[in-house]
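# Coordinate analysis (summary)
The primary structure of each chain is shown beneath.
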Amino acid sequence: MNSEAIGPQELKEIFLHIARVMREREAELNALDAAIGDGDHGITMRGGFEAVGHQLESLPAETTLSEVLSTAGMAFMDATGGAIGVILGKMFLAGGRAVRESSALGPRELGLLLGEMERAVAGSGRARPGDKTILDAVHPASRAVNNSVPAPATLAEALARAAGAAESGAERTAEMLCRVGRASRLGDRVLGHRDPGAVSFALLLRTAADWVAGRKERQAQTD
Ligand SMILES: [Mg+2]
């Protein structure tokens, strides 16, 4: 662990920041989904993270990384319907289990968290990489942190790599056909459109990366 690693309170703040960003991007995420689905993805993300924010605000000050993530997972699942609600909820719960022994989130813990999140997605559906799902953002993000040499030295660096890899992965879903879920019936009509879940996961990581990158500046201003 190093001084740059973050604790439970900061993880809560990151979730609250993600909730603000998802609210701002709601219409854009709905439009992505409307191209290949029912157009409610932005509503799901905004509502899900709003519920996460409310639940996290009621957690006691003395909490753990694991409890923040599992509270977020339960709140997200309770507040949303559809496949993506269950998948993201399970991912946060899996992330909570991954950091059960950790008091601070550094680059190593981020690797554990992303690895468990990937296993949760891969295990909860029939999707494999290349099937145009959230996994096409989660898988490269996990690889970027866990399989790169040299390993990222700081949390900021690890999150920047994960976010960049997830964004590239989400871009590549535009060239993929849907092989699972309702959109699989659309055949090649989905080409040219990104998978909304993959885009949201990349946005989530980018938001966390920006928050961590901006933390030093904010600390300097308040000192
Ligand atoms: Mg939808």
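Calculation rules
- Residues numbered from 1 in each chain as written.
- Predicted model: local features only at pLDDT ≥ 70, side-chain atom pairs only at ≥ 80, totals over all residues.
- Heavy atoms only, no water.
- Axes fitted to C-alpha atoms, helices over the stretch in contact; angles between N-to-C directions.
- Helix = DSSP H or I, 4+ residues; strand = E, 2+ residues; numbered from the N terminus.
- Parallel < 35°, antiparallel > 145°, perpendicular 65-115°, else oblique.
- Left-handed = near helix turned anticlockwise from the far one by under 90°.
- Contact = heavy atoms within 4.5 Å.
- Nonpolar A, V, L, I, M, F, W, Y, C, P; charged D, E, K, R; others polar.
- Salt bridge = Lys/Arg side-chain N within 4 Å of Asp/Glu carboxyl O.
- Buried < 20%, exposed > 50% of the residue type's maximum accessible area, 1.4 Å probe, protein only.
- Donors = N, O, S within 2.8 Å, 3.2 Å for Na, K, Ca; no water.
- pLDDT = per-residue confidence, 0-100.
- Phe/Tyr/Trp six-rings, centres within 6.5 Å; stacked < 30°, edge-to-face > 60°.
- Expected span 1.5 Å × (residues − 1).
- Lys, Arg positive; Asp, Glu negative; His and termini not counted.

Turning to the packing of helix α5 (residues 82–98) against helix α6 (residues 107–124), a few remarks are in order. In a packed pair of helices, the relevant descriptors are the angle between the two axes and the axis-to-axis distance. Where α5 contacts α6, the axes come no closer than 8 Å and their chain directions differ by 140 degrees. If you check the angle between α5 and α6, you find them oblique. Crossing of α5 over α6 shows right-handed handedness. Across from I87, K90, M91, F92, A94, G95 and A98 in α5, the residues of α6 making contact are L112, L113, E116, M117, A120, V121 and S124. Here the residues of the contact of α5 with α6 sort into 10 nonpolar, two polar and two charged.

Quick look at the packing of α6 against helix α8 (residues 155–172) now. Closest axis-to-axis distance for the α6/α8 pair is 8 Å, and the angle between their directions is 35 degrees. Along the contact surface, α6 presents P107, L110 and L114, while α8 presents L155, A158, L159 and A162. For the contact of α6 with α8, the per-class residue count stands at seven nonpolar, no polar and no charged.

This structure, assessed with the given rule, holds 10 salt bridges. Salt-bridge contacts for E26 lead to R46; the nearest nitrogen and oxygen are separated by 2.9 Å. Remark: R46 occurs in helix α3 (residues 41–57) and E26 occurs in helix α2 (residues 26–36); sequence separation between them is 20 residues. Overall, R46 belongs to the partly exposed group, its relative accessible area being 23%. R119 serves as the salt-bridge partner of E116, at 3.0 Å between the closest nitrogen and oxygen. Taken together, the positions of E116 and R119, both in helix α6 and three residues apart, correspond to about one turn of that helix. Its relative accessible area of 54% is what places R119 among the exposed residues. In the salt-bridge network here, residues are joined through shared partners; they are E26, R46 and E50.

Working reference: metal with six octahedral donors, ideal angles 90 or 180 degrees; metal with four tetrahedral donors, ideal angle 109.5 degrees. At 2.0 to 2.4 Å from the magnesium ion lie its protein donor atoms, namely D33 (OD), D38 (OD) and D40 (OD). Between the donor residues of the magnesium ion, the gaps in sequence give the motif D-x4-D-x1-D.

A few words on the confidence of the model for the protein. Chain-level statistics for the protein give a pLDDT mean of 93 and a share of 98% at 70 or above. Looking at the elements of the protein, mean pLDDT is at its lowest for helix α9 (residues 196–222), recorded as 92, and at its highest for helix α4 (residues 65–79), recorded as 98.

For the coordinates displayed, the defined rule picks out four aromatic pairs. Between F49 and F76, the ring centres sit 5.0 Å apart and the planes meet at 65 degrees, which makes this aromatic pair edge-to-face. Placement of the pair is F49 in helix α3 and F76 in helix α4, with a sequence separation of 27 residues. Considered together, F49 and F76 belong to a single accessibility category, that of buried residues.

In this section: the environment of G106. Of note, G106 is situated in the loop between α5 and α6. By relative accessible area, G106 is classed as buried at 4%. In this structure G106 touches A5 and L155, once residues within four positions along its chain are discounted.

Across the junction of V149 and P150, the peptide omega takes the value 0 degrees, indicating a cis bond. In this fold, P150 is placed in the loop between α7 (135–146) and α8. Phi is positive for K132, which is not a glycine, with a value near 65 degrees. Mapped onto the elements of the fold, K132 is located in the loop between α6 and α7.

Before going further, it helps to examine α5. In this model α5 runs 25 Å from its N-terminal to its C-terminal C-alpha over 17 residues, within 8% of the 24 Å that 1.5 Å per residue would give. Looking only at α5, the buried set comprises I84, G85, L88, G89, M91, F92, L93, A94, G95, G96 and A98. In this fold, the buried residues of α5 make contact with α1 (8–24), α3, α4, α6, α7 and α9.

Here the focus is the side chain of K132. Summary of buried charges: K132 has no salt-bridge partner, and the nearest side chain of opposite charge, D195, is 7.0 Å away. In this structure K132 touches I36, T173, A174, M176, L177, C178, V190, H193 and D195, once residues within four positions along its chain are discounted.

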